[in-house]
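Coordinates in review
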Amino acid sequence: MTKKDIARIVDQTQLKPDVSMDSIESICLEARLYDFATVAIYPCHVPFARKLLEGSNSGITAAIAFPYGAWSLEMKEFEIKDAIKNGATDLDFVINVGALKDKKYDVLKNEADMCRKVTRGKILKSIFEVCLLNEDEIIKACEIYAQAGVDFVKTSTGFLEPPSPDVVKIMHEVVKKTGTQVKAAGGIKTAGDAKEMIAAGATRLGTSSGLEIYNSWVG
Amino acid sequence: MIDSELAGKMVLAPLTTETSEADIRTFANDLEGINVYSIIVDEYYIQLAKEILPGRRIGTIVSYPLGSLTTEVNKKLIRKALDYGCSEIDYSPKFNHFKSKKYDLLKNELEEVVELVDNKLDIVAVPQVGQMTMAEIEKICSLFLNMGINIIKTNSGLNQGITEIEHVQFIKRIFGDSLEVEVSGGVRTREQAMAFFEIGADRIHSSTWKQIIGIDKED
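A few points on the structure. Everything numeric here is computed off the predicted structure, so don't read it as measured data.

So, how was this worked out
- Residues numbered from 1 in each chain as written.
- Chains lettered and ligands numbered in written order.
- Predicted model: local features only at pLDDT ≥ 70, side-chain atom pairs only at ≥ 80, totals over all residues.
- Heavy atoms only, no water.
- Pairing = 2+ DSSP bridges.
- Helix = DSSP H or I, 4+ residues; strand = E, 2+ residues; numbered from the N terminus.
- Axes fitted to C-alpha atoms, helices over the stretch in contact; angles between N-to-C directions.
- Contact = heavy atoms within 4.5 Å.
- Expected span 1.5 Å × (residues − 1).
- Buried < 20%, exposed > 50% of the residue type's maximum accessible area, 1.4 Å probe, protein only.
- Arc of directions from axis to C-beta.

**Quick look at the sheet that holds strand E4 (residues 90-94) of chain A**
Residue and element names in this part refer to chain A. Within the closed barrel, the 8 strands sit side by side as E1-E2-E3-E4-E5-E6-E7-E8. Their pairing is parallel. Across this sheet, the average inter-strand angle for adjacent strands is 25 degrees, counted without regard to direction. Here strand E6 (residues 152-154) runs beside strand E7 (residues 181-185); their pairing, made up of 3 bridges, is parallel. The partner of Lys154 across the bridge, within E7, is Lys183. Lying on the sheet, helix H4 (residues 73-86) is in contact with strand E3 (59-64) and E4; it crosses E3 at an angle near 160 degrees. Where helix H8 (residues 165-175) meets the sheet, it contacts E6, E7 and strand E8 (202-207), and its direction lies at approximately 165 degrees from that of E7.

Next up, the structure:
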């Protein structure tokens, strides 16, 4: 995998709440320069990023229902549509983890179907916050969201404990025969971390260290 | 023995990613016979909380804890809060606009929020004191007051800093009784809570509320 290849699977992430507009501009310019897959940012920054990334190969990932995910379908649908209208190409949404804990799988299926329906033509990634889940819950969530046809099942928001490569392996095992892939996010700071996640089955990486990983990447 | 007076000054907010319906029901059972000031839940749980905690002050969160949503999504959440008859919203302004000194953008959203709420519920704004200098705290609280918002909750969750006694002393010295102060972030014990009340804090948010009001023994 070359430097160019690694850039194309990185969502260069900036999700600090008090980040300045200069910092958003900076990651957008980096994305444009190095061809990162997307910049992953909060919905309120999407219109700004859209202007900066116009004509580039990099998309815009909007963080949906961040960070708790405890929204009704109506709210999630509203925010997804708002983000797409503003220029988002990728939608990373936090699933209703509480419903998973309650084993209310119909709630999750409805959520997965609705999110897929309103994001046709866009990249949809469902975030599980795996550090809060046991293995059975991770497998169940992967099954439900892969069945709905999400593009990626994603490990974490980045706010809580980072995922291990072993968790990524579990997720990959569940979804590998479907069209769904795995995005690892949280705690990926170095080229070594990135390689471990890729070896475990991740095909997209969420990291705020995209530039460092790119610069130190030896294929 | 339960300290009822202290309980009446507690704001409880079971806001975590994994909070489930079962957790909210357990929480409601724990509250039987105890009058706290208010209970803040995620949008997904407002209806349930209203049903199982009748007659209580139920609030929800808007752009909380990160100040990261678009104004359109914030307004949608506020409309939902109004429809459900919520007593208050914990609202995080766009910290990135503040840190970037884009005060006009910050004010524009505050104006829209205040206009939409139209005094039908309390707006509790979050200055995020754990991430601000004292000068910034004075500036952002002044902006809130100028917009007609006179209640603050000092911090939001997700490791965004704790509230020190000095923060509240400073706010009270500058703004006196014109600003009600709800302290949040790092208050774990009754002793800490009492120290904040002694210097003029109006209410306390804490996940260790049972210890603070005397239901559970302190560690």
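More follows now that the structure is in view.
**Quick notes on helix H7 (residues 134-146) of chain B**
Residues and elements named next belong to chain B. Under the 1.5 Å per step criterion, the end-to-end length of H7 is 18 Å for 13 residues, consistent within 8% with the ideal 18 Å. Glu136, Ile137, Ile140, Cys141, Leu143 and Phe144 are the residues of H7 that are buried. Along the long axis of H7, the arc covered by the buried residues comes to 150 degrees, so they all point the same way. Residues of H7 that are exposed and point more than 90 degrees away from the buried face comprise Ala135 and Asn146. Where H7 is buried, its residues touch helix H5 (95-99), helix H6 (103-117), strand E5 (122-125), strand E6 (151-153) and helix H8 (165-175).

**Topic: the sheet that holds E5(B)**
Residue and element names in this part refer to chain B. Read around the closed barrel, 8 strands run E1-E2-E3-E4-E5-E6-E7-E8, paired in parallel fashion. The sheet shows a mean angle of 25 degrees between the axes of neighbouring strands, taken without regard to direction. As judged from the 4 bridges shared by strand E4 (residues 88-91) and E5, these two strands associate in the parallel manner. Each bridged residue has a counterpart across the sheet, and for Asp90 the counterpart in E5 is Val124.

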